[in-house]
Amino acid sequence: MTSSVLRVTLDQPFTDQKPGTSGLRKSSRQFETPHYLESFIEAILRTVPGVAGGTLVVGGDGRYGNRRAIDVISRMAAAHGVTRLITTTGGILSTPAASNLIRKHGAVAGIILSASHNPGGPEGDFGVKVNGVNGGPAPESLTDAIYACSQSLDGYRIVEAPAISLEAPGQHPIEALTVEVIDGVDDYLALMQQLFDFDQIGDLLRNNYPIAFDAMHAVTGPYARRLLEGLLGAPAGTVRNAIPLEDFGGGHPDPNLTYAHELAELLLQGDDYRFGAACDGDGDRNMILGRRCFVNPSDSLAVLTANATLAPAYSNGLAGVARSMPTSAAVDVVAQQLGIACYETPTGWKFFGNLLDAGRITLCGEESFGTGSDHIREKDGLWAVLFWLQLLARKRTSVAAIMADHWSRFGRHYYSRHDYEAIESERAHGLYDRLKGLLPSLADERFAGRAIATADDFSYTDPVDGSLTTGQGLRLLLDDGSRVVFRLSGTGTQGATLRVYLESYVPPSGQLQQDPQQALADLISAADALAEIRVRTGMEAPTVIT
Ligand code: VG1
Ligand code: CO
C-alpha cells in the first residue's frame, strides 16, 4: 500500500509560537496563514512523549476554526503514528471535559482548541492548548520544549485524506489511526453525578427555585442543558444562549459583570431568580450570582472550602487548598481555621497540577473566575455551579445570607481587579519595567497611608518538584494585610493588558458591608499614582473592573 503521508517543507519556521498562560493564542487570521497551525501541531507531535502508538484527545469550544483544526490534527496525528484519536460530535468539548477524557483514556496528551474568554470568529481569536497525561495544562518544561522545536522547524507531515465526519458518533480510520467520535458530554455528566447529590439539588430546582444560567453561546450550552434542564429538572429556558456559535453570537464569552451584564442585571436588579451563573468560552470559568448579590471569585473559593463537607465528594474533608498569587487571601483564613495547608502559586492552572497529583490539595482557584478540585486537572465552571447549588440545597438559604455569614465568621477581603486592555505593547512594558525598577527603593516607603512590608517580584518554587518560576507579578504587601499586585496578561492577543489586583482585609469586627470600589479607593488612587497608569497608558479608566 502506498502511503499518503505528505511531507511539506517550510522555507522558514514561524518564530512567534511561544505559548502564553494558556497555550498559543493568536488571531483567527494568523492561524489561517498557510502552514501556521500545522507548524505548531508538528512541534507538539514531535515533542510530546509517547505520541507514536499513543492516544490523543482533541476537541474545542466550537469557535471558528475548530472543525478545520480537528481535521488537520487528525491527519497529522495519523502521519505521526498515533493509534487512537478521541474527538467529539461537532468537535464540542469543554476544557474540563477534555481533562476528564485524557485521564479516563490514558491519553498521552490532549489538544484543546480554544482561546477561552477571547472573542471568536474570523475576526476574533483562536488558540491551541496542550494538556499532559495528568489531564492538566502542560508544564512549562514541555511548552518550552514545544516552542524550541517550533523555532527550527523545517517542515511537517500530514496524511492526505478527506475530512472525517463529526456529525455523529462513530469510528473512522486514517491509515493506521482510528479516529473515535464520541459524545463529548456523556462522560462529564457521569463524573458530576459521582461528586454531588443530584437528588438533593434536583429537589431544590424542581420546587419553585428559579435559576438562570448563561452559556454565552459557547461550549457549556449542551452540557448545562443536559445537567440543569435534563438530569436536575430545572425548567426549559433555564439555560440561556445555549447553542454554541462560531463567533459566540458576537459576544465576549467572559463571565464577569462587564461581559455577562445581561445575566448580572437579571440577578442584581431583578427579583425573578434566586441564583445565576455563567461560564466562559471553553467552560472552565464560572461567575456566581445570587439575588442582588455578586460572589467575588476569591470569596467563592473560600466559601466552597469552608463548606466543602456538604458535598458528597468532599465529605471527608480537604487535604489542603491552593490559590494563585493574585487571588485574595480569603481562602487562607478559612484554611488556617480548618488547620489545612494553603499554597500560593503563580497565575495559571498548570501550577496546581503537581499539588493535586501529589495529593497535597483538594480544592484550588483563581481570582479570574476559576475554581476546581482534584476530580480533574483543569478549572471547571459547571462543577463550581453544581457545588454552589449543592450548598444552597443543603442550607436552604440565600446566596447573600451565605456570604454575610461567611464574612461574619472569617472577615472580609475586599477585592477588585482593574484591567487596562490593548495598551500599546512598548508603553505597557515601559510602565511595568519602571515599576519593577522602583521595587527595591519602596521597601521602607508608605503607600496609601500604610507601611510597605514587602515589595517584590513574585517567584515560586514548586514544593513537589522543586522547579523555580520567576517574574510572576509585582507585589506591594502592606503592614495591615492589604495588597496591590501588578501583572501583565499572558493571554491577550492585542498589545498588552495590565492587570492591577487590589485587596484589603477587614476582620469580623470591622465594617463588612461596603462597596468594594469604595473600600479600595485609597489603594486604587495610590496604585495609579505610583505606576503612573493614566499618564503612561493615556487611559482614564480601566477597560474592565471585576
Ligand atoms: C488569565 C487569568 C488567569 C487564567 C488564564 C487562563 O490569564 O488571569 O488567572 O489562568 O487567563 O484562563 P492572564 O495571563 O491573561 O492574566 V482560561 O479560562 O483562558 O484557561
Ligand atoms: Co477558559
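The rules behind the values
- Residues numbered from 1 in each chain as written.
- Chains lettered and ligands numbered in written order.
- Predicted model: local features only at pLDDT ≥ 70, side-chain atom pairs only at ≥ 80, totals over all residues.
- Heavy atoms only, no water.
- Helix = DSSP H or I, 4+ residues; strand = E, 2+ residues; numbered from the N terminus.
- Rg over C-alpha atoms; globule rule 2.2 N^0.38 Å.
- Buried < 20%, exposed > 50% of the residue type's maximum accessible area, 1.4 Å probe, protein only.
- Contact = heavy atoms within 4.5 Å.
- Areas by Shrake-Rupley, 256 points an atom, 1.4 Å probe, with all protein chains shown as cover.
- Lys, Arg positive; Asp, Glu negative; His and termini not counted.
- Charge placed at Lys NZ, Arg CZ, Asp CG, Glu CD.
- Pairing = 2+ DSSP bridges.
- Axes fitted to C-alpha atoms, helices over the stretch in contact; angles between N-to-C directions.
- Core = buried A, V, L, I, M, F, W, Y, C linked by side-chain atoms within 4.5 Å.
- Salt bridge = Lys/Arg side-chain N within 4 Å of Asp/Glu carboxyl O.
- Near = heavy atom within 4 Å.
- Polar contact = N/O pair within 3.5 Å; in protein donor to acceptor, adjacent residues only side chain to side chain.
- Domains from an automatic or database assignment.
- Buried area = accessible area lost by both parts, 1.4 Å probe.
- Nonpolar A, V, L, I, M, F, W, Y, C, P; charged D, E, K, R; others polar.

*Asks:* What is the right way to read the overall build of the protein chain from this model?
*Replies:* Broken down by element type, the protein chain carries 18 helices and 27 strands. Here the C-alpha atoms of the protein chain give a radius of gyration of 23 Å, agreeing with the 24 Å that 2.2 N^0.38 yields for 546 residues. Dimensions of the protein chain, computed from the C-alpha atoms along their principal axes, are close to 80 × 60 × 40 Å. Per-residue burial for the protein chain yields a buried fraction of 59% across its 546 residues. Counting contacts in the protein chain only where the partners sit at least 6 residues apart, residues at least 24 apart contribute 73% of the total. Only carbon and sulfur atoms are counted for the fraction: they give 48% of the accessible area of the protein chain, which is about 19,900 Å². Between the mean site of the 45 positive side-chain charges and the mean site of the 63 negative ones, the protein chain shows a separation of 2 Å.

*Asks:* When you look at the sheet that holds strand β4 (residues 84–88) in this model, what are you seeing that I'm missing?
*Replies:* Through backbone hydrogen bonds, the strands of a sheet pair up, either in parallel or in antiparallel fashion. Here we have 7 strands laid out as an open sheet, ordered β2-β6-β5-β3-β4-β9-β8, and mixed in their pairing. The sheet is open, and its two edges are formed by β2 (24–27) and β8 (170–174), each paired on a single side. Strand-to-strand twist in this sheet, taken as the mean axis angle between neighbours without regard to direction, amounts to 20 degrees. Sheet analysis places β2 next to strand β6 (residues 125–131), joined by 4 bridges and oriented antiparallel. Within β6, the position partnered with S27 by the bridge is D125. Sheet contacts for helix α2 (residues 36–47): β2, β3 (55–60), β5 (109–113) and β6; angle to β6, the most-contacted strand, approximately 10 degrees.

*Asks:* What exactly am I supposed to notice about the nonpolar core here?
*Replies:* For soluble globular proteins, nonpolar side chains are generally found buried alongside one another. L228, F275 and W383 are the most contacted members of the largest nonpolar core, which totals 107 residues. The leading source of residues in this core is helix α13 (residues 381–395), at 11 residues. Leave out the neighbours within four places in its chain, and W383 touches Y188, M192, L195, F196, L304, Y314, L363, T371, G372, S373 and H375. Grouped together as the second largest cluster of nonpolar side chains are 47 residues, I111, V128, V130 and Y156 included.

*Asks:* Got a minute to help me understand the pattern of salt bridges in this structure?
*Replies:* Side chains carrying opposite charge are able to pair once their charged atoms draw close together. For the coordinates displayed, the defined rule picks out 36 salt bridges. The closest approach of N and O atoms between R67 and E167, which form a salt bridge, is 3.1 Å. Separated by 100 residues along the polypeptide, R67 in helix α3 (residues 66–79) and E167 in the loop between β7 (155–159) and β8 bring together distant segments of the chain. Residue R450 pairs with D480 through a salt bridge whose shortest N-O separation is 3.2 Å. Here the residue R450 occupies a position in strand β21 (residues 450–457), and D480 occupies one in the loop between β24 (474–478) and β25 (483–488), the gap between them amounting to 30 residues. With relative accessibility at 36%, the residue D480 sits in the partly exposed group. Taken together, the shared-partner salt bridges connect R323, D332, E344, D456, R475, R483 and E503 into one network.

*Asks:* Explain the site of ligand 1 here, please?
*Replies:* Taken together, 21 residues form the shell around ligand 1, and within it S116, S368, S489, T491 and R499 come nearest. At 2.7 Å from an oxygen atom of ligand 1 is found a side-chain nitrogen or oxygen belonging to E366. Within the side chain of S489, one N or O atom sits 2.6 Å away from an oxygen atom of ligand 1.

*Asks:* Is there a simple way to think about unusual backbone geometry in this case?
*Replies:* Positive phi values are uncommon outside glycine, yet M216 reaches one of about 55 degrees. By the element assignment, M216 lies in the loop between β10 (211–214) and α8 (220–231). Take M216: its relative accessible area is 10%, and that puts it in the buried class. The residue H217 is not glycine, and still its phi comes out positive at about 55 degrees. Take H217: it is sitting in the loop between β10 and α8. Judged by its relative accessible area of 21%, H217 falls in the partly exposed class.

*Asks:* Looking at this structure, how should I read the domain arrangement of the protein chain?
*Replies:* When the parts of a complex come together, some accessible area is lost, and that lost area is often used as the size of the interface. Each domain of the protein chain was delimited in the assignment, giving domain 1 (4–183), domain 2 (188–410) and domain 3 (412–545). Between the C-alpha centres of domain 1 and domain 3 there is a distance of 35 Å. The partner domain 3 presents 5 residues to the 9 residues of domain 1 that form the contact. With both sides pooled, the region where domain 1 packs onto domain 3 buries about 510 Å², and carbon together with sulfur makes up 40% of that total. Of all residues in domain 1, T21, R25 and E140 bury the most surface against domain 3, accounting for 57% of the area lost on that side. In this structure, the connection of domain 1 to domain 3 is made through 0 salt bridges. A breakdown of the residues in the side of domain 1 that touches domain 3 according to their chemical character gives no nonpolar, 5 polar and 4 charged.

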